[in-house]
Amino acid sequence: MKILLPLKYYDEAGRVKPAVSLYICIAFLSRSLLILVGSVSVRENGEQLLALFYPDKQYLYISLAIAFPAFLVLLLLGFREKIWNADRCWMFSCIKPLLIFSVLADLGLHIMLASMKYWQFSWVIAVTLLLDSLIVYFLVKDKHTQLMLKDWKKSIPTTPVKPMI
């Protein structure tokens, strides 16, 4: 078997580890969850902190719904050992579609926000649209993620344990 990536990208079991850039993409897509957790952890000014990032509550709820698929991907990455042991490798085929759905929904939301402001320039919307576009490009073109998903879809061959007599 030919090793396609340097050894530092493999774990102890010989499986491809997720790239740091994939975790950065997931963190960006789940930023509304991070803001919510941060505002809940600050007891005195939690409501003001949420109002700073989301003046209109409906955009918070929409952003939380957009962040949910990315959070599911984070859970799949975190529980990959248990998924392998339960022989449910088919779950890993959901990672890329969930991330693409989340980033396209985020792109749609920010294009809608830009059109609601009559296409006036806003740094927040411009940077978000730029980063969303880069994430779409990353998800489509990244070879590391493609190799990781291909590797993770293979089930681990287990050898039966002989009972000791």
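What you see is a predicted model, and the numbers here were worked out from it, not measured in a lab. (Residues numbered from 1 in each chain as written. Predicted model: local features only at pLDDT ≥ 70, side-chain atom pairs only at ≥ 80, totals over all residues. Heavy atoms only, no water.)

**Student:** Would you mind going over empty space enclosed by the protein in detail, with residue names and values included?
**Tutor:** In this structure the tally under the stated criterion is one cavity of 30 Å³ or more. Looking at the largest cavity, its volume works out to about 40 Å³. Secondary-structure elements contributing two or more residues to the lining of the largest cavity are α2 (31-41) and α4 (57-78). In terms of residue count, the dominant contributor to the lining of the largest cavity is α4 (three residues). (1 Å grid on protein atoms, 1.4 Å probe; cavity = no way out; pocket = protein on both sides within 12 Å on 5 of 7 lines; lining within 4 Å. Points joined across faces, edges and corners; volume = space filled by probe spheres on them. Helix = DSSP H or I, 4+ residues; strand = E, 2+ residues; numbered from the N terminus.)

**Student:** Talk me through the packing of aromatic side chains; I want residue IDs and the actual numbers.
**Tutor:** For the structure on display, the rule yields four aromatic pairs. Three or more aromatic residues link up through ring pairs in this structure, and these residues are W84, F92 and W152. Lying over the aromatic face of W84, R15 brings its terminal NZ or CZ to 4.5 Å of the ring centre. Just above the ring of F28 sits the side chain of R31; from NZ or CZ to the centre is 4.4 Å. (Phe/Tyr/Trp six-rings, centres within 6.5 Å; stacked < 30°, edge-to-face > 60°. Lys NZ or Arg CZ within 6 Å of the ring centre and 35° of its normal.)

**Student:** Can you lay out the environment of I125 for me, pointing to particular residues and giving the numbers?
**Tutor:** Considering the arrangement of structural elements, one finds I125 in helix α7 (residues 123-141). C-alpha of I125 to C-alpha of P69: the two residues are 56 residues apart in sequence and 21 Å apart in space.

**Student:** Tell me about the environment of V16, residues and numbers included.
**Tutor:** Within the element layout of this structure, V16 appears in the segment before α1 (20-29). Through-space distance from the C-alpha of V16 to that of I111 is 35 Å; in sequence the pair is 95 residues apart. Contacts of V16, omitting those with residues within four sequence positions, involve L5, Y9, Y10, H144, L147, M148, D151 and W152. (Contact = heavy atoms within 4.5 Å.)

**Student:** Would you mind going over the pattern of salt bridges in detail, with residue names and values included?
**Tutor:** Opposite charge on two side chains permits pairing when their charged atoms draw close. Within this structure, the stated rule accounts for two salt bridges. We note a salt bridge from R31 to D106, for which the minimum N-O separation is 3.0 Å. Of the two residues, R31 is situated in helix α2 and D106 in helix α6 (residues 95-116); the sequence distance between them amounts to 75 residues. Using a relative accessible area of 3% as the deciding quantity, one classes D106 as buried. Note that K57 and E47 form a salt bridge whose closest N and O atoms lie 2.8 Å from each other. Highlighted residues: K57 in helix α4 and E47 in helix α3 (residues 46-53), separated in sequence by 10 residues. Overall, E47 belongs to the exposed group, its relative accessible area being 52%. (Salt bridge = Lys/Arg side-chain N within 4 Å of Asp/Glu carboxyl O. Buried < 20%, exposed > 50% of the residue type's maximum accessible area, 1.4 Å probe, protein only.)

**Student:** An account of the layout of surface pockets is needed here, citing residue identities and associated values.
**Tutor:** Where empty space is left becomes clear once a probe the size of a water molecule has been rolled over the atoms. Taken as a whole, the largest pocket holds about 460 Å³ of empty space. Forming the walls of the largest pocket are 18 residues, and the residues nearest its centre are F53, Y54, H110, L113 and V124. Every element with two or more residues in the lining of the largest pocket is listed here: α2, α4, α6 and α7. For the lining of the largest pocket, the element with the most residues is α6, which contributes four residues.

**Student:** Let's hear about a nonpolar patch on the surface: which residues, and what values?
**Tutor:** A cluster of nonpolar side chains, contributed by Y23, F68, F71, L72, L74, L75 and F79, occupies part of the molecular surface with about 590 Å² of accessible area. Tallying contributions element by element places α4 first for the nonpolar patch, with five residues. (Patch = residues over 30% accessible without salt bridge, like charges linked within 9 Å, V, L, I, M, F, W, Y side chains within 5 Å. Areas by Shrake-Rupley, 256 points an atom, 1.4 Å probe, with all protein chains shown as cover.)

**Student:** Describe in detail helix α8 (residues 143-152), supporting the description with residues and values.
**Tutor:** Taken residue by residue, α8 has H144, T145, M148, L149, D151 and W152 as its buried positions. Seen along its axis, α8 keeps its buried residues to an arc of 160 degrees; they face one direction. Exposed residues pointing more than 90 degrees away from the buried face of α8 are listed as K143 and K150. Where α8 is buried, its residues contact α1, α4, α5 (80-85), α6 and α7. (Arc of directions from axis to C-beta.)

Just geometry here; none of it tells us what the structure is for.
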